[in-house]
Amino acid sequence: MNIAFVGLGTMGAPMVLNLLKAGYSVTVHNRTRAKEQPLVEAGAIAAPTPQAAAASADIVITCVSDTPDVEAVILEESGIIEGAQAGALVIDMSTISPSTTREIAARLAQKNIRMLDAPVSGGSEGAQKGTLSIMIGGEAADVERARPVLSTMGSTITHVGAIGAGQTTKAINQIIVAGTYWSVAEGMALGLKAGLNMEKVVQAVGSGAAGSWGLTNRSSNMIDNEYPLGFRVRLHQKDLEIALAAARELGLPLPMAAYVEQIETGLMAQGYGDEDISAIARTVRDMGAIE
Ligand code: NAP
């Protein structure tokens, strides 16, 4: 089976390495073409455009930044739609708008090209280890066709519903992340202000009902006031905008998601957009005058 992969960033590059490790033939393309080189050295074939990458592929995977970027690599000039064969399957693993996903799928369907939305959770660590959680929207037959390929990149593969359902599920994921991180930041601020031993605090509350991935893995950033890159503030802010737009279409208010989206917009304005999202603790610390 031939696979094409477009978008070799933090997530895409290690995902391609896992496909190569599993023995798949992979043709890669990245807008900044220098990023193709390490993957070519690992056995991939480089292609000059998304169209060229898709030309001989059974499955074409995209993992680029945002909604307009997926539209660009699939629908615009030299895009996947111009190269893919009828019957090919496009799997978009970026995190983008559910409604635009449905529009792209409809455009591809006019050329008998199938599509799944398959956004992921699990971060760069999950992409490297092949342990991502993959949330899928689309037809069951296409999911079964994709499953062996997806299982090289993820350990939890869930077919949620029709096209777009994967993206809506990812939006839910990001709303929950927003709330838990913000709560962890407030909790840590209280402990710091009260002068507690924060290692003991995290140990005590982490094994009870307040336990969460954010508490276990990112509270130390918040305590140390250092936020080395894991998941960028600007990507999470983009994901919350997607969640808020999807909710607006359904007439649903999401006050906490809107609040954290605004906090993250403020962090971006202050130059922190490329820090890990645990940097929302900066705002909590500032409000409480914690040095
Ligand atoms: P990234 O490191 O910033 O990489 C983005 C990739 O998209 C780069 O290869 C970039 O090309 C390409 N790209 C962006 N706009 C493009 C355009 N208009 N045309 C062509 N290529 C374009 O981002 P990432 O962290 O890999 O994230 C990719 C997707 O996965 C995003 O939707 C993100 O929300 C999602 N995601 C990320 C994480 C995470 O922990 N990082 C976790 C879960 C999901 P250049 O190299 O030329 O810039």
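These figures come from a predicted structure and were not determined experimentally.

### Some words on the overall build of the protein chain
Move 1: In terms of helices and strands, the protein chain carries 14 helices and nine strands.
Move 2: Its C-alpha radius of gyration of 20 Å places the protein chain within 12% of the 19 Å reference for a compact globule of 291 residues.
Move 3: Based on the C-alpha atoms only, the size of the protein chain along its principal axes is roughly 65 × 45 × 35 Å.
Move 4: Looking at the protein chain as a whole, 51% of its 291 residues qualify as buried.
Move 5: Of the accessible surface of the protein chain, which amounts to about 13000 Å², a share of 54% is contributed by carbon and sulfur atoms.
Move 6: Counting 21 positive and 30 negative side-chain charges, the protein chain places the centres of these two groups 3 Å from one another.

### Structural notes on the pairing of strand E9 (residues 154-161)
Move 1: Inspection of the sheet shows strand E8 (residues 132-137) paired to E9 by six bridges, in the parallel sense. Its bridge partner lying in E9, Ile136 is registered against His159.
Move 2: The handedness of the E8 to E9 crossover, carried by helix H8 (residues 140-150), is right-handed.

### Focus: helix H14 (residues 280-287)
Move 1: Across the eight residues of H14, six count as buried, placing the element largely inside the fold.
Move 2: Buried within H14 we find Ile280, Ala281, Arg282, Thr283, Val284 and Arg285.
Move 3: Positive backbone phi, at 55°, marks Ala289, one or two positions downstream of H14.

### Section: the side chain of Ser219
Move 1: Locating Ser219 in the fold gives a position in helix H11 (residues 213-224).
Move 2: Non-local contacts of Ser219, meaning those with residues more than four positions away in its chain, are made with Val184, Met188, Val202 and Gly214.

### Looking at the packing of helix H13 (residues 255-269) against H14
Move 1: Remark: H13 packs on H14, axes separated minimally by 9 Å, with the N-to-C direction vectors making an angle of 90°. By the angle between their directions, the pair H13 and H14 is classed as roughly perpendicular. For the pair H13 and H14, the contacting residues are Tyr259, Ile263, Glu264 and Leu267 in the first and Ile280, Arg282, Thr283 and Met287 in the second.

### Observations concerning the pairing of strand E6 (residues 114-117)
Move 1: Strand direction decides the pairing type here: strand E5 (residues 89-92) and E6, joined by four bridges, are parallel. When the sheet's bridge partners are listed, Val90 is paired in E6 with Met115.
Move 2: Once you follow E5 into helix H6 (residues 98-109) and on to E6, the crossover reads as right-handed.

### Here we look at the packing of aromatic side chains
Move 1: Considering all chains together, one arrives at one aromatic pair under this definition.
Move 2: With a centroid separation of 5.3 Å and 85° between ring planes, the pair formed by Trp182 and Tyr259 is classed as edge-to-face. Of the two residues, Trp182 sits in helix H9 (residues 165-193) while Tyr259 sits in helix H13, which places them 77 residues apart along the sequence.
Move 3: On the basis of relative accessibility, which here comes to 39%, the residue Tyr259 falls in the partly exposed class.
Move 4: The residue whose ring lies beneath Arg282 is Tyr272, and the NZ or CZ to ring-centre distance is 3.9 Å.

Criteria and cut-off values
Residues numbered from 1 in each chain as written. Predicted model: local features only at pLDDT ≥ 70, side-chain atom pairs only at ≥ 80, totals over all residues. Heavy atoms only, no water. Helix = DSSP H or I, 4+ residues; strand = E, 2+ residues; numbered from the N terminus. Rg over C-alpha atoms; globule rule 2.2 N^0.38 Å. Buried < 20%, exposed > 50% of the residue type's maximum accessible area, 1.4 Å probe, protein only. Areas by Shrake-Rupley, 256 points an atom, 1.4 Å probe, with all protein chains shown as cover. Lys, Arg positive; Asp, Glu negative; His and termini not counted. Charge placed at Lys NZ, Arg CZ, Asp CG, Glu CD. Pairing = 2+ DSSP bridges. Right-handed = clockwise from strand over helix to strand, strands pointing away. Contact = heavy atoms within 4.5 Å. Axes fitted to C-alpha atoms, helices over the stretch in contact; angles between N-to-C directions. Parallel < 35°, antiparallel > 145°, perpendicular 65-115°, else oblique. Phe/Tyr/Trp six-rings, centres within 6.5 Å; stacked < 30°, edge-to-face > 60°. Lys NZ or Arg CZ within 6 Å of the ring centre and 35° of its normal.

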